[in-house]
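What the coordinates show
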Amino acid sequence: MSGTYLGMPAFPVAAKAALGNETLRGNLRHATHTIRDKREKAVAELDDWALLREAGKQIKDHTLRHLDRYLVQLEESVTAAGGVVHWARDAAEANRIVAELVKATGESEVVKVKSMATQEIGLNEALEAEGISAYETDLAELIVQLGDDLPSHILVPAIHRNRGEIRDIFREQMGAWGRAAPEGLSDTPADLAEAARLHLREKFLRAKVGVSGANFMVAETGTLVVVESEGNGRMCLTLPETLISVVGIEKIVPSWQDLEVFLQTLPRSSTAERMNPYTSMWTGTTDGDGPRAFHLVLLDNGRTDTLADEVGRQALRCIRCSACLNVCPVYERAGGHAYGSVYPGPIGAILSPQLRGIGSEVDASLPYASSLCGACYDVCPVAIDIPEVLVHLRERIADRGGKGHRLEKAAIKASGWVFDHPKVLAAGERVASRTRKLHPSRVPGAGAWTDSRDLPELPPEPFRDWWKKNRAEKNSAGNNSAESNSAESNSSAKNRGEGSAT
Amino acid sequence: MRAALFVTCVNDAVYPSTGIATVRLLERLGVEVDFPEAQSCCGQPQFNTGYRRETEPLVRRTTRAFEGYEYVVTPSGSCAAMVRRHYPEIGDAAAASLASRTYELTEFLVDVVGVTDVGAYFPHVVTYHPSCHGLRMLGLGERPRKLLEAVKGLELRELPGAEECCGFGGTFAVKNSDVSAAMGQDKVRSAVSTGAGVLCGADNSCLMHLGGILSREDAPMRALHLAEILASTEEEPWS
Ligand code: SF4
């Protein structure tokens, strides 16, 4: 794994590789099940959860509908409070703006608050190319950075690592990035946290420039909000002389009253806490307190296009709580890397193909990376109907045709015609039933199904024929139906692939 | 009471025993059953794979086939969910009307017929897997379990992680067959751990997937549709 998602294979291929890794599967299973159980308890504590969820959805929808207005209001508020607003159409533009701002300070190092937006645009790599080192200060993000790895979860980027792996990464890599890990570092959580604290403290105290994202931006006052659990974010936001925040344009909320809703739903959905341990808010600059210069880079990078799609736009409501990842059975098995994007799991499967377009193989495979079980929709605190968007995006991909889909479309059309002509359908069923002894349960070539599953044995006759014989002409069939029933029932269990012991 | 049976294409071709069981069960409860032969497929596989346009004729056909019936009953949570949830978006007013008249079997038994004890006898140890569409899109809740609990001779064992998807997911089972199989194998492992000999469900497509794994792994368990258990009586036992 090296620090880029470029050239990732399509989801099924990447997932297959992940499935073979027992440690990864164990780590993921343990972590997601622990957090999902806790979330359920934390949510159950609030008897107005359904109302909060609906309120969150409505606030976001309202804001998105009037995004132009609120963005202008935000720019005015931020400027009035002493900040400078920059607009970035795409990743390249945003990276250029940030690099120039850092260079203007004369510094060649920045400390970073964990941020999805800067990951999305590949800021660290872009800064590195300009000779600027960006240090991640979130514990999990630090583990990913030191391990030359990619994040695999929105909230817990190193969810795929266990304690032993983390200790090894710290021992081997910390020295090259700054303060080395203490001698004989163990893999207890307290020791690992202390090693990270010492390593990071040095960086916080030295840094002149901080780079952050934000969970929310309040339009009425121009206030940015970061919620976190470790306090490292607050250090980055308050110690440096210059603060640069890169934020997606959809992160806006109109007022503080709106914010109140999300400060309840976000922590319970993400970390199963009643309140975030650290909620930091900054509004422009203040003399003698915090950074003297504040820059806000507002990032589009595909968001306006996403907004134009009536069904797909609901993905922009996302508050990145990651609850959908933690309940997703596909994410649990495939892991975050298989999604080939900074946004993994169910939200990644609908957001990445919208932000990046469906041109690449991995993006075109993402909407199919779901069994549509609906668990993600159930837990989403802003009620994004992820299955609906998945099907909608599948439609777009199937429409475009291309690899695999031309054949599929032809098959769907043909089966559609048969289904529309029940007489033909019945004839086909009859032929299949009559030749059923010729169908082996492991058909060579039916690979995708029979690699790991047997095919069901076909019945002696389809249901419609039974009905004709036993019910359609009730007068003549009344008496012999019981016999026929038991003949059918005897073959019923075998049809589903009966176990050997029965 | 009179109801039309929507047997579904999978049951028609591969699991007629489920259709037969549904007919026997409903008749035993005094429901007069019709089978409109113009029915075929509800269009769910096409729709969920992204072929909305190709789904439209099937929505029209299904809607026409069940015109005039006050109750349409289907032994398939996912097909019921397709009609209930997506027909109003895809079709016209008639399709929306079908959506409001369509019931999944356990809903029909508990909510319309008003029974939980259907007089069944099935002397086996059973564990129940609630399929996702029945569970989440229809909100079947405790109905299937209540029906099973009332079956004489039946011992119901709770399935650990019952609410997790089995990994079938229609074309997902083929397009992402490795993940699908991994999910199915985990489900089968949990089911076998209960010590039950029968894995019961209300959706034959999920059971086809799970049964295929049970068979491949030679597991001491068989998959069986809920309707077949409910149809079984002391006089006419289902095997
Ligand atoms: S889609 Fe919903 S559940 Fe998933 S991360 Fe976003 S807000 Fe959370």
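Scroll up for the structure.
All chains use their own residue numbering, which begins from 1 and follows the written sequence. Whichever chain is written first is A, and whichever ligand is written first is 1; the rest continue in order. Given that the model is predicted, a residue must reach a pLDDT of at least 70 before its local features are reported, and side-chain atom pairs must reach 80 or more before they are shown or counted; all residues, however, enter totals for whole chains, interfaces and linings. Each side-chain value is worked out from all heavy atoms of the structure, with water and hydrogens disregarded.

With respect to the nonpolar core
For clarity, the threshold we go by: Residues grouped as a nonpolar core are buried Ala, Val, Leu, Ile, Met, Phe, Trp, Tyr and Cys residues, joined through side-chain atoms within 4.5 Å. Burial status follows relative accessibility: with a 1.4 Å probe on protein chains alone, a residue under 20% of its type maximum counts as buried, one over 50% as exposed, and anything between as partly exposed. What makes two residues a contact is simply this: any of their non-hydrogen atoms within 4.5 Å.
Core analysis: the biggest nonpolar cluster contains 130 residues, and Phe11, Phe170, Leu296 and Ile350 of chain A have the highest contact counts within it. Non-local contacts of Leu296 of chain A, meaning those with residues more than four positions away in its chain, are made with Leu74, Val78, Val84, Val85, His86, Met217, Leu224, Ser245 and Val247 of chain A. Listed in part, the 40 residues of the second largest apolar core include Phe463 of chain A together with Tyr103, Ala202 and Leu224 of chain B.

Quick notes on the site of the ligand
All names here are of chain A. This is how the line gets drawn: Working definition: residue near molecule or strand if any one of its non-hydrogen atoms lies within 4 Å of it. Site definitions follow a grid-based scheme: protein atoms alone, a 1 Å grid, a 1.4 Å probe that fits but cannot get out for cavities, and for pockets an open set with protein on both sides within 12 Å along at least five of seven lines, plus lining residues having an atom within 4 Å of a point. Think of it this way: if more than half of a molecule's atoms are within 2 Å of a pocket's grid points, that molecule is in the pocket or cavity. Charged means Asp, Glu, Lys or Arg here, nonpolar means Ala, Val, Leu, Ile, Met, Phe, Trp, Tyr, Cys or Pro, and polar covers whatever is left, Gly included.
In the vicinity of the ligand, the contacting residues are Cys318, Ile319, Arg320, Cys321, Ser322, Cys324, Ile347, Cys380, Pro381, Val382, Ile384 and Ile386. Applying the majority rule of atoms within 2 Å of the grid points places the ligand in the second largest cavity. Broken down by class, the residue content of the shell around the ligand amounts to 10 nonpolar, 1 polar and 1 charged.

A look at unusual backbone geometry
So the rule is basically this: Secondary structure counts use DSSP, requiring at least four H or I residues in a row for a helix and at least two E residues in a row for a strand, with both numbered from the N terminus.
Unlike most non-glycine residues, Ser322 of chain A shows phi in positive territory, near 75°. With respect to the helices and strands, Ser322 of chain A occurs in the loop between helix H13 (303-307) and helix H14 (323-327). For Asp218 of chain B, which is not glycine, the phi torsion reads 50° and is therefore positive. With respect to the helices, strands and loops of the structure, Asp218 of chain B is situated in the loop between helix H12 (204-216) and strand S8 (222-225). The class for Asp218 of chain B is exposed, based on a relative accessible area of 52%.

A few points about the interface of chain A and chain B
Put simply, the rule reads: Accessible area that two parts lose when put together, evaluated with a 1.4 Å probe and summed over both, is termed the buried area. Definition used for salt bridges: Asp or Glu carboxyl oxygen within 4 Å of a side-chain nitrogen of Lys or Arg.
Contacts between chain A and chain B engage 75 residues on the former and 80 residues on the latter. Interface area, chain A with chain B, both sides summed: about 6700 Å², of which 55% is carbon and sulfur. Viewed at the interface, chain B and chain A are joined by 12 salt bridges. Arg36 of chain A is the salt-bridge partner of Glu164 of chain B, the closest N and O atoms lying 3.3 Å from each other. Of the residues that constitute the side of chain A that touches chain B, the class distribution is 29 nonpolar, 19 polar and 27 charged.

Observations concerning the pairing of strand S10 (residues 293-299) of chain A
A regular strand carries its side chains on alternate faces of the sheet. Residues and elements named next belong to chain A. The line we're drawing: The criterion for strand pairing is that DSSP finds at least two bridges linking the strands in question.
Counting buried positions along S10 gives 6 out of 7 residues, so the element sits mostly inside the fold. Of the pairings in the sheet, the one linking strand S1 (residues 84-88) to S10 comprises 5 bridges and is parallel in character. The residue of S10 that forms the bridge with Ala88 is Leu299.

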